[in-house]
Amino acid sequence: MNEKTGIVTTAFAAEPASYLTKEQAISLMKKIPIDMKGYVVEDIYFNETVAFGQNGAVWTSYWVKDKDGTESLFIDVDATTGKLVQFTKATVDKPKETAVNIISEKDALKKAEAFVNSVAPEVQGHISKADEYQVDDSLPPRVMDHVFHFVRVENDIPFLENYLQVIVDSQGEIGSYSRQWYNGELPSPVPAISAEEANRRWDESVKPALHYVYTGEQIGKYGLPHRKMILAYAYDEKASVFIDAMTNQPMTILGESIQQSRIPLGTSTRALGKERKRLIDDEKREKADEIARTMFQAIPDRQTKVGGSTGISWNGFGEVSSSSAKSYYYARPAQGKEKAMKFQLGMDDYGEVTIFSVEEEHSEIEDRIYPNPIPYEKAEAAAIDFMRKLFPDRQGELYVIHLPPTEESKKWLFERNGGYCITFGWLKQGIPVQSLETEVIVDPVNGEVKGIHTLPAYQPLEMIQVQKPRIDEQKAKQVEKENKELRLTYFMPYPEWRQGTYLVSREPKLVYRMVGDDGVVDADSGEWVSYTAYKQSKIPEDIAAHPHYLALLYAVKDGYFPVTKSKLDPDQPVTRGEFLRIVLKAQESYDFFPDYYEVAGEEQFFTDIDKGHPLYETVKDAIERGLIQASAGNKQFDPDRNLTNAEAKDMISRLLQRSGEKNGALSVAGQPTKILTKADVARLLMELKFYARSTEQE
């Protein structure tokens, strides 16, 4: 402590020393205060890769329980100090037949605090109370677990990017631990500008921008999620959001002081209001062939079968967006200076290119070494030229996001991706669409594009409703101030996870920033849209006293029943349409799949489910899987009619029969005409889950 200023300078830096041996690391891992009885080391390796929240090398390990291998542990320790960096316990979910004592939030917190005291005693006095500050956390809502964040605090200044995260499961066991902690020396805690000056500077220089933003699932009929983008004022990685406490300059989350404009690649755009038409396979192949012929002078490779792939991306709520693509393969013979090339084009259901990938021999990608890579700017120019040619009619909807990697991260980036990763954003009438991006991989030696991948959209660009703001930027900032507080904090420039590695230096700074609830300002209503409240709304609060509480919890946890505004309505009847969606999900979750499907023709479809019906795709899948069947005497599905006991039993029996399981292995109790509620279906799902586990062990 400096006696004149009263300031404590703390640096949890490791003493210069040699790395721990593998044996020493394993010995320290065994001392972690968790139940490790029966666990053996399956794999352990030395990892020097730059890791999120970690400043140096770690020993990374994987442990399995020797009896059956269904329980495993992932443990990372600092390779120099031996401190626990990461711990996760993975187990096969085994539902309980009867209600058990699920630990309370208060008791779970005691467990978490005790664990922190044991594995990180040196941070005591340097962390906040649990969840005193909100951190950037992308975990989905935890229905049966308790998540706690202990934020680092030095000299009464919070460091929101540094924290200990502890997850306690429903039975009071530590399920996960993560240490995000900078080990170097922190900057001076004495700001050069006052809070009043920072507030004036924030008012004049920080500018949220209009974005089309996904703010969570809207649950529609039959429990089907509907994704909607709203026009909101928000910040991205190139927007000014902080005030540097030493220079009084605005700063982005990448630590930059200059805000980047979004300049489209060109002017061409798709016609507004153009309806997206789903293409049949022949139409998709014809479109892919045309692109391959005109852009690459390539011909179809008929020796390789048409394949399929699925793209998945997660948002800040832990919700997933996915898209499927049909892949077609091509070959270009060697011509002049151009060598022979084989590649694939992935087309989505609407004929949009979402994947381009050049095939490489294993010898070409093994032990990659790039001693003299081309500059990032040259790779970026090559990617821009490629995207202009690939999307000639959409150049006005694309812009490049300038994200050059640091020198120390290039080696890892090249080894992982095979080259530079250039990121492009998409625009809707000049407004960026959050989370909709295309990544282009450029060879770091010859500058050739080796691949592209478009992350799945939460709502397709053409389907986003064009909106106009009713409030301006200043009003949006006023609303933000009503929900947050500008205060002094330490700040670590964000790693850029689009590319999986750091694009900015890991040097903490002292900044003034808004602290509080995470969210955006709706540009139409002018209201604060709280991401925190949305997450909380997915935890059911109306089932605690229900006699089938545990079964309902599992049904929510496994994603069968959506929760809206913290309500599940456990005694509400389930419709036939809802149950069909649930059965299809159960088939996928428990692998009750037949060896083949007999695809039904249009004449076998139900007359009350047309192509515009929200259940059309669900019913189509169920018919193909043999779970339901239209017939001359049964032409209507009646999706809105309440489900009876007999109908539930029939669908479950078909599910098990088609997968080769015994008919009648599950019993659905009660009268055949009884209307089933969500609680009844939750009990049925619990029984189905037990049955699936028992068949796995046979």
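Now for a quick tour of the structure.

Scoring rules and cut-offs
All residue numbers refer to positions counted from 1 along the written sequence of the respective chain. Predicted model: local features are reported for residues with pLDDT of at least 70 only, side-chain atom pairs are reported and counted for 80 or more only, and whole-chain, interface and lining totals are derived from all residues. Neither water nor hydrogens contribute to the side-chain values; these are computed over all heavy atoms in the structure. Pairing of aromatic rings covers Phe, Tyr and Trp, the last through its six-membered ring, and needs centres within 6.5 Å; plane angles under 30 degrees mean stacked, over 60 mean edge-to-face, and all others mean tilted. In this text, helices come from DSSP runs of H or I with a minimum length of four residues, and strands from runs of E with a minimum of two, each type numbered from the N-terminal end. Residue burial is assigned from relative accessible area. The probe radius is 1.4 Å, only protein chains are included, and a residue is buried under 20% of its type maximum, exposed over 50%, and partly exposed in between. The criterion for a charge sitting over a ring is simple: Lys NZ or Arg CZ within 6 Å of the ring centre, and within 35 degrees of the ring normal. In this analysis an axis means a line fitted to C-alpha atoms, helices contributing only their contacting stretch, and an angle means the value between N-to-C directions, from 0 to 180 degrees. Note that the term roughly parallel is reserved for angles under 35 degrees, roughly antiparallel for angles over 145, roughly perpendicular for angles of 65 to 115, and oblique for everything else. With the far helix as reference, a near helix turned anticlockwise by less than a right angle produces a left-handed crossing, and one turned clockwise produces a right-handed crossing. Contacts are assigned to residue pairs that have any heavy atoms within 4.5 Å of one another. Salt bridges are counted wherever a side-chain nitrogen of Lys or Arg sits within 4 Å of a carboxyl oxygen of Asp or Glu. The term nonpolar core refers to a set of buried residues drawn from Ala, Val, Leu, Ile, Met, Phe, Trp, Tyr and Cys, joined through side-chain atoms within 4.5 Å. Pairs of N or O atoms within 3.5 Å make up the polar contacts considered here, provided that, within protein, one atom can donate a hydrogen while the other can accept it, and that residues adjacent in sequence are counted only when both atoms are side-chain atoms.

1. Description of the packing of aromatic side chains
In the structure shown here, the tally under the stated rule is 18 aromatic pairs. On the numbers, 5.5 Å between centres and 55° between planes, the contact of Phe343 with Phe356 is tilted. One end of the pair, Phe343, is in strand S15 (residues 341-347); the other, Phe356, is in strand S16 (residues 353-358), and 13 residues separate them in sequence. Both rings, one in Phe605 and one in Tyr616, keep their centres 5.1 Å apart while their planes meet at 35°; by these two values the pair is tilted. You can see Phe605 sitting in the loop between helix H11 (576-589) and helix H12 (616-624) and its partner Tyr616 sitting in helix H12, a full eleven residues away along the chain. This pair shows no difference in class: Phe605 is buried, exactly as Tyr616 is. Aromatic rings pair up to connect Phe296, Tyr330, Phe343, Phe356 and Phe386 into one cluster. Across from the ring centre of Trp202, 4.7 Å away, lies the NZ or CZ of Lys477, which sits over that ring. Its end group placed over the ring of Phe561, Lys678 keeps NZ or CZ at 6.0 Å from the ring centre.

2. Notes on the packing of helix H4 (residues 281-296) against helix H6 (residues 376-390)
Two elements in contact, H4 and H6, have axes whose closest approach is 11 Å; the angle formed by their N-to-C orientations is 130°. For the element pair H4 / H6, the angle class is oblique. Handedness of the crossing formed by H4 with H6: right-handed. Where H4 approaches H6, its residues Ile291, Met295 and Phe296 are matched on the opposing element by Phe386, Lys389 and Leu390.

3. What to know about the pattern of salt bridges
Scanning the model with the defined rule gives 36 salt bridges in all. Of the charged contacts in the structure, one is a salt bridge between Glu352 and Arg270, with a shortest N-O distance of 2.9 Å. Here Glu352, found in the loop between S15 and S16, pairs with Arg270, found in the loop between strand S11 (250-251) and H4; they are 82 residues apart in sequence, far enough to count as distant. Judged by relative accessible area, Glu352 falls into the buried class, the value being 10%. Salt bridges linked by common partners bring Arg270, Glu352, Asp393, Arg394, Glu397 and Glu462 together as one network.

4. Some remarks on the nonpolar core
Core analysis: the biggest nonpolar cluster contains 68 residues, and Phe343, Leu345, Phe356, Ile422, Phe424 and Val440 have the highest contact counts within it. At seven residues, the largest contribution of residues to this core is made by H6. Setting aside anything within four residues of it in sequence, one finds Val440 in contact with Ala383, Met387, Tyr420, Cys421, Ile422, Phe424, Val449, Gly451 and Ile452. Grouped together as the second largest cluster of nonpolar side chains are 54 residues, Val143, Leu550, Phe579 and Phe606 included.

5. Brief notes about unusual backbone geometry
With a phi close to 55°, Gln429 is a non-glycine residue in the positive phi region. Position of Gln429 among the secondary structure elements: in the loop between strand S18 (420-428) and strand S19 (431-442). Of note in this structure, Ser566 is not a glycine but carries a positive phi near 65°. Its place among the elements puts Ser566 in the loop between helix H10 (549-557) and H11. On the basis of relative accessibility, which here comes to 12%, the residue Ser566 falls in the buried class.

6. Concerning the environment of Asp522
Mapped onto the elements, Asp522 comes out in strand S23 (residues 519-522). Between the C-alpha atoms of Asp522 and Thr215, which are 307 residues apart in sequence, the distance is 10.0 Å. Asp522 has contacts with Ile230, Leu231, Ala232, Ile471, Glu527 and Val529, leaving out every residue within four places of it along the chain. Here Ser525 takes part through its backbone nitrogen, which lies 3.3 Å from a polar atom of the side chain of Asp522.

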